[in-house]
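Residue-level listing of the chains:
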There are 2 protein chains.
Amino acid sequence: MSFYTILKMQQETDYRIDIQHLTELIDARGAKSVGLQLPEGLLRRARSISKEIQNRCDIPVIISGRGCYGACDIDTALSEMVDLLFHFGHSGEDRENIVFVEVRSKVNICPVVQSAIAYLEGDRIALVTTIQHVEMIEEAKKILETAGKEVLIRCGSGDGLRYEGQVLGCNASAVDPRSDEVLFIGTGLFHPKGIASLIEKKVVAADPYTKNIELIDPEPLIRRRWVFLEKALDAHHFGVILSPKIGQYKQNVADEILKSARDHDIEAHLILLDEIREDALINLGMDAYVNTACCRIVDDMRKVILLNPDEFARLLRMRDRMG
Amino acid sequence: MSFYTILKMQQETDYRIDIQHLTELIDARGAKSVGLQLPEGLLRRARSISKEIQNRCDIPVIISGRGCYGACDIDTALSEMVDLLFHFGHSGEDRENIVFVEVRSKVNICPVVQSAIAYLEGDRIALVTTIQHVEMIEEAKKILETAGKEVLIRCGSGDGLRYEGQVLGCNASAVDPRSDEVLFIGTGLFHPKGIASLIEKKVVAADPYTKNIELIDPEPLIRRRWVFLEKALDAHHFGVILSPKIGQYKQNVADEILKSARDHDIEAHLILLDEIREDALINLGMDAYVNTACCRIVDDMRKVILLNPDEFARLLRMRDRMG
């Protein structure tokens, strides 16, 4: 059985999605059409959910074909086409016709937490995870405490955060600053790398599916950002990126950046861009860019200089000092 | 000087864009904000156009960061944010606050037309080009006639077609069916490949910039589509793709496909997708797809089975015959 097949089966079986709950919501709201939006890792479930809803409710279903990165990333076009949009896999405040459907993993996180103990050097451990594992965080805490660790769990602040220990790609405020290091339970390196660079602490990343454990050192991530900042010192013109995604649309931030650029006699242009890929920025041909949308898009850049708003402000201060 | 630098300079200088005309339109309409949307190959000009408009009119300008593929591909989010959207490089009917700004190339097409004569085997030549070169088509005709060819030029029919000999990526109806073969003047292989597969004639593609001449044989293109169709015979479930782009949104076509799938007991799901990339379709995990948006997206698929609506209809007929 190939890795691909295993992964597919895992997706089909390892996440609980309560169809009954969805059909009740459809009935309660009298929805005559439904949209489904899922994160990339769950997109494969769209077909079976669509099928079930059509069978049980006999109403048309439209699947959003693009994966979504968070509660900030709503398929607006789809929400305007259907009576009710189910957005799966993230927590958020329901609004108008959009309902956030949290998805829980069925995987047992205990074995990998047990293995992770050997990698933890400090005594005070901040324990964090993504939404699909939040219900198991207390069990993980007990395992660490049995091993003599002090475990700090808290609820972060910001949109889309609801649970003790829950982190987002862009928000690691659940990490208690008094901790020596961080244990992240979850899949992939996107979240642990975000934590390491946002909080500037060592992160032990424990994947309950693969049982892999990775150590994330914040230093190279921070240094990498300084290299970009250094390069941006020579930029003559900047593109200021504004996202049309309703959860990432920050006109005020963009206006502020344009104003401060103008005050510093720096040429800057406003760019509306949904999927912020490096090739699109290369085509635009600006010397550098400031991104007001997701702060983690900078991670994907290799050739293009992309700064976050706080980095752009720092750049202006550096330019001021240099005269 | 690198190829990249040369290309950049070419873009800066080889296309005429009349800024005076744009500022007059802004004044006439009393627009307080402007959006710019350009095809990928012209995106690099966005910066200078934005700068000029800001300097002359002192109003905010927003650049659409994604390239556009045709008049069918309007940045709706941007059009809703500005008083006036200039869509460059394609012809189309102006609507509400969207103005289509055609762009003409300054390159001389005569040398490459002269060279192309040696590659033309037939006597009756259908002469076609893209909108940036339409003004020079009569000169090209004279060169071919001097060489003893009969030249057929006509205006095709369909949205976005305005000029004698003008083709789009999805529309080659300017090719006279009485012609022996086609001479296409323009850049890249996207248009000539479209002509070859849509019209099923040999195309000589002459690039006035690089002076390259390529022969496009329709046979492998047509055969490739048959291979996809053959593979789709085994598909159990289909994704029916609907584009939210206003010029490509075809709900009726999608509904028709869903209905005919249902009539044939084929599982089919409606998918809303803007940028139809192969990796998105892989993530969705359907056996095959039918695309109601741009008919040329099938060209980009390698692993994923994607059919156009006419091919899906043919597939159903094949299935019917097979019982």
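Being a predicted model, the structure only gives us computed values, none of them experimental.

Turning our eyes to something else, we now look at the overall build of chain A. Helices and strands together make up the secondary structure of chain A, namely 11 helices and 15 strands. Taken over the C-alpha trace, chain A has a radius of gyration of 22 Å; the compact-globule value for 323 residues is 20 Å, and the two agree within 12%. By its C-alpha atoms, chain A is 65 × 55 × 40 Å across when sized along the principal axes. The burial tally for chain A puts 56% of its 323 residues in the buried class.

To continue, consider the sheet that holds strand β7 (residues 124–129) of chain A. Residues and elements named next belong to chain A. As summarised here, the arrangement of the five strands in space is β8-β7-β9-β10-β11, forming an open sheet in which the pairing is mixed. With one partner strand each, in any of the chains shown, β8 (150–152) and β11 (213–216) form the two edges of the open sheet. Across the sheet, the axes of successive neighbouring strands diverge by a mean angle of 25°, strand direction being ignored. Relative to β11, strand β10 (residues 203–206) runs antiparallel, the two being bridged by four bridges. Its bridge partner being in β11, V203 is matched across the sheet by I216.

Right, let's get into the interface of chain B and chain A. In many analyses, interface size is given as the accessible surface area lost on bringing the parts together. Counting residues at the interface gives 36 residues for chain B, matched by 37 residues for chain A. Summed over both sides, the interface between chain B and chain A buries roughly 3000 Å², with carbon and sulfur atoms accounting for 58% of that surface. Taken as a group, R47, L272 and N283 of chain B account for 21% of the area that chain B buries against chain A, more than any other trio of residues on that side. Across the contact surface, chain B and chain A share four salt bridges. Between K51 of chain B and E267 of chain A there is a salt bridge, with its nearest N and O atoms 3.2 Å apart. Linking chain B with chain A are 16 residue pairs in polar contact (both at pLDDT 80 or more). Mapped by element, the contributors of at least two residues to the side of chain B that touches chain A are α3 (46–57), β3 (61–64), α4 (76–81), β12 (237–242), β13 (267–272) and α10 (278–284) of chain B.

All names here are of chain B. The tally for this structure, following the rule as stated, stands at six aromatic pairs over all chains. Look at Y15 and Y209: their rings are 6.1 Å apart centre to centre, the planes differ by 35°, and that puts the pair in the tilted class. One end of the pair, Y15, is in strand β1 (residues 15–16); the other, Y209, is in the loop between β10 (203–206) and β11 (213–216), with 194 residues separating them in the sequence. A single burial state applies to Y15 and to Y209, both of which are buried. In this arrangement the basic side chain of R104 is found over the ring face of Y163, its NZ or CZ atom lying 5.1 Å from the centre. In this structure, R225 is placed above the aromatic ring of F228, and the distance from its NZ or CZ to the ring centre is 4.9 Å.

Moving on, we come to the environment of S157 of chain A. All names here are of chain A. Here S157 is to be found in the loop between β8 and β9 (181–185). Taking C-alpha positions, S157 is 6.3 Å from S173, a pair spaced 16 residues apart along the chain. Setting aside residues up to four positions removed in sequence, S157 forms contacts with N171 and S173.

The next point concerns the sheet that holds strand β8 (residues 150–152) of chain B. Residues and elements named next belong to chain B. In spatial order, the strands read β8-β7-β9-β10-β11; together these five strands make up an open sheet with mixed pairing. The sheet is open, and its two borders are formed by β8 and β11, each paired with just one other strand. With direction set aside, neighbouring strand axes in the sheet form an average angle of 25°. Bridge analysis of strand β7 (residues 124–129) against β8 gives three bridges, and the strand direction is parallel. Of the residues in β8, the one forming a bridge with A126 is L152. Running over the sheet, helix α6 (residues 137–146) touches β7, β8 and β9 (181–185) and is turned about 160° from β7.

Before going further, it helps to spend a moment on unusual backbone geometry. All names here are of chain B. The phi dihedral of D58 falls on the positive side, at around 55°, and the residue is not glycine. In this structure D58 comes out as exposed when scored by relative accessible area, which is 68%. Positive phi outside glycine occurs at E96, with the angle close to 40°. Structurally, E96 can be placed in the loop between β4 (84–88) and β5 (98–101). A relative accessible area of 78% means that E96 is categorised as exposed.

Annotation of chain A at the domain level lists domain 1 (3–104), domain 2 (110–216) and domain 3 (222–322). Here the C-alpha centre of domain 3 of chain A lies 30 Å away from the C-alpha centre of domain 2 of chain A.

What follows is about helix α8 (residues 218–232) of chain A. Residues and elements named next belong to chain A. With 15 residues, α8 ought to run about 21 Å at 1.5 Å a step, and its terminal C-alpha atoms sit 22 Å apart, in line with that. Looking at α8, one finds that the buried residues are P218, I222, R225, F228, L229 and A232. Down the axis of α8, the buried side of the element spans an arc of 115°, and every buried residue falls inside it. Opposite the buried face of α8, by more than 90 degrees, sit the exposed residues R223 and E230. Contacts made by the buried residues of α8 are with α7 (190–199), β11, β12 (237–242), β15 (306–307) and α11 (309–322).

This next bit is on the pairing of β12 of chain A. Both faces of the sheet carry side chains from a regular strand, because those side chains alternate between them. Residue and element names in this part refer to chain A. The element β12 is extensively covered by neighbouring structure, given that six of its six residues are classed as buried. Burial of the side chains of β12 extends over both faces: H237, G239 and I241 are buried on one face and F238, V240 and L242 on the other. As judged from the six bridges shared by β12 and strand β13 (residues 267–272), these two strands associate in the parallel manner. Each bridged residue has a counterpart across the sheet, and for H237 the counterpart in β13 is E267. For the crossover from β12 across helix α9 (residues 251–263) to β13, the handedness is right-handed. Bridge analysis of β12 against strand β14 (residues 288–291) gives four bridges, and the strand direction is parallel. Paired with I241 across the strands is N291, a residue of β14.

Residues and elements named next belong to chain A. Axis separation between α9 and α11 bottoms out at 11 Å; the angle between their running directions is 15°. In terms of their interaxial angle, α9 and α11 are classed as roughly parallel. Where α9 crosses over α11, the two elements pack in a sense that is left-handed. Residues V253, I257, S260 and A261 of α9 lie in contact with α11, whose contacting residues are P309, F312 and L316. Along the lines of polarity and charge, the residues of the contact of α9 with α11 split into six nonpolar, one polar and no charged.

Conventions used here
- Residues numbered from 1 in each chain as written.
- Chains lettered and ligands numbered in written order.
- Predicted model: local features only at pLDDT ≥ 70, side-chain atom pairs only at ≥ 80, totals over all residues.
- Heavy atoms only, no water.
- Helix = DSSP H or I, 4+ residues; strand = E, 2+ residues; numbered from the N terminus.
- Rg over C-alpha atoms; globule rule 2.2 N^0.38 Å.
- Buried < 20%, exposed > 50% of the residue type's maximum accessible area, 1.4 Å probe, protein only.
- Pairing = 2+ DSSP bridges.
- Axes fitted to C-alpha atoms, helices over the stretch in contact; angles between N-to-C directions.
- Contact = heavy atoms within 4.5 Å.
- Buried area = accessible area lost by both parts, 1.4 Å probe.
- Salt bridge = Lys/Arg side-chain N within 4 Å of Asp/Glu carboxyl O.
- Polar contact = N/O pair within 3.5 Å; in protein donor to acceptor, adjacent residues only side chain to side chain.
- Phe/Tyr/Trp six-rings, centres within 6.5 Å; stacked < 30°, edge-to-face > 60°.
- Lys NZ or Arg CZ within 6 Å of the ring centre and 35° of its normal.
- Domains from an automatic or database assignment.
- Expected span 1.5 Å × (residues − 1).
- Arc of directions from axis to C-beta.
- Right-handed = clockwise from strand over helix to strand, strands pointing away.
- Parallel < 35°, antiparallel > 145°, perpendicular 65-115°, else oblique.
- Left-handed = near helix turned anticlockwise from the far one by under 90°.
- Nonpolar A, V, L, I, M, F, W, Y, C, P; charged D, E, K, R; others polar.

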